[in-house]
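# Working through the structure, step by step
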Amino acid sequence: MEERFCWRCDTEVKMLDDNEFKLCRDAWFEGKEVVEKELEKRNIKDFVWLDKVETFEQYRYLLEMYRILTGEYESNPLAILHHQRSQFGKDCPNCNKPFRTSRAIFCVSCGYGSENLTKI
């Protein structure tokens, strides 16, 4: 996991690597067992489960896994689903923010690469 800029959130966030993202996805689909297994693997014995999750119950274990991995509570489960580092492109050489996709040649944040775009 690393802190990177997210253009959707317009702020620095903790981006998950592919393995961490898979853990969150598995927790979302498979539930509490996946979270408990990760707690045991990390030897976390004093984990305090959230009593009240501010969103739908279906996302509860996704949010718990994200909190285990990052140490931060995220109230928006859909944000977690787009905080996977591999979904973004390489870093812009000008502003150091990631391109929006792996195929992007133009940085929307600072305009780098716009001189290479063809005019229609």
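Parameters and conventions
Residues numbered from 1 in each chain as written. Predicted model: local features only at pLDDT ≥ 70, side-chain atom pairs only at ≥ 80, totals over all residues. Heavy atoms only, no water. Helix = DSSP H or I, 4+ residues; strand = E, 2+ residues; numbered from the N terminus. Buried < 20%, exposed > 50% of the residue type's maximum accessible area, 1.4 Å probe, protein only. Contact = heavy atoms within 4.5 Å. Areas by Shrake-Rupley, 256 points an atom, 1.4 Å probe, with all protein chains shown as cover. pLDDT = per-residue confidence, 0-100. Axes fitted to C-alpha atoms, helices over the stretch in contact; angles between N-to-C directions. Parallel < 35°, antiparallel > 145°, perpendicular 65-115°, else oblique. Phe/Tyr/Trp six-rings, centres within 6.5 Å; stacked < 30°, edge-to-face > 60°. Lys NZ or Arg CZ within 6 Å of the ring centre and 35° of its normal. Salt bridge = Lys/Arg side-chain N within 4 Å of Asp/Glu carboxyl O.

## Side note on the overall build of the chain
The secondary structure content of the chain amounts to 4 helices and 2 strands. Each helix and strand of the chain, placed in order from N terminus to C terminus, yields the pattern β-β-α-α-α-α. In the chain, which comprises 120 residues, the share counted as buried stands at 39%. Restricting the contact set of the chain to residue pairs at least 6 apart, pairs at least 24 apart contribute 39%. Accessible area for the chain stands at about 7900 Å²; split by element, carbon and sulfur atoms hold 47% of it.

## Describing the confidence of the model for the chain
Note: predicted coordinates in regions of low pLDDT should not be interpreted at a detailed level. Per-chain confidence: the chain averages 84 in pLDDT, with 89% of residues scoring 70 or above. The lowest-confidence element of the chain is strand E1 (residues 2-6), averaging 87 in pLDDT; the highest-confidence one is helix H1 (residues 18-30), averaging 91.

## Brief notes about helix H3 (residues 60-70)
Counting buried residues in H3 gives 10 out of 11 residues, a clear majority hidden from the surface. If you follow the buried residues of H3, they end up packed against strand E2 (11-15), H1, helix H2 (32-41) and helix H4 (77-80). Positive phi appears at Gly-71, one or two residues downstream of H3, with a value of about 80°.

## Let's talk about the packing of H1 against H2
It is the contact of H1 with H2, at a shortest axis distance of 6 Å, that shows an interaxial angle of 140°. When the interaxial angle is binned, H1 and H2 end up oblique. Mapping the contact onto sequence places Leu-23, Asp-26, Ala-27 and Glu-30 in H1 and Lys-32, Glu-33, Val-34, Val-35 and Glu-38 in H2.

## Brief notes about the packing of aromatic side chains
The tally for this structure, following the rule as stated, stands at 2 aromatic pairs. Here the aromatic rings of Trp-28 and Phe-29 are separated by 4.7 Å at their centres, their planes lie at 25°, and the arrangement is stacked. Among the aromatic residues, ring-to-ring pairing joins Trp-28, Phe-29 and Tyr-59 into one connected group. Sitting over the face of the ring of Phe-5, Lys-97 holds its NZ or CZ atom 4.2 Å from the ring centroid.

## A look at the pattern of salt bridges
Summed over the entire model, instances satisfying the criterion amount to 8 salt bridges. Arg-85 is the salt-bridge partner of Glu-2, the closest N and O atoms lying 3.4 Å from each other. Of the two residues, Glu-2 is situated in strand E1 and Arg-85 in the segment after H4; the sequence distance between them amounts to 83 residues. Linking Asp-91 and Arg-85 is a salt bridge whose minimum nitrogen-to-oxygen distance equals 3.1 Å. Among the residues examined, Asp-91 registers a relative accessible area of 28% and is labelled partly exposed. It is possible to trace a salt-bridge network through shared partners that takes in Glu-2, Arg-4, Arg-85 and Asp-91.

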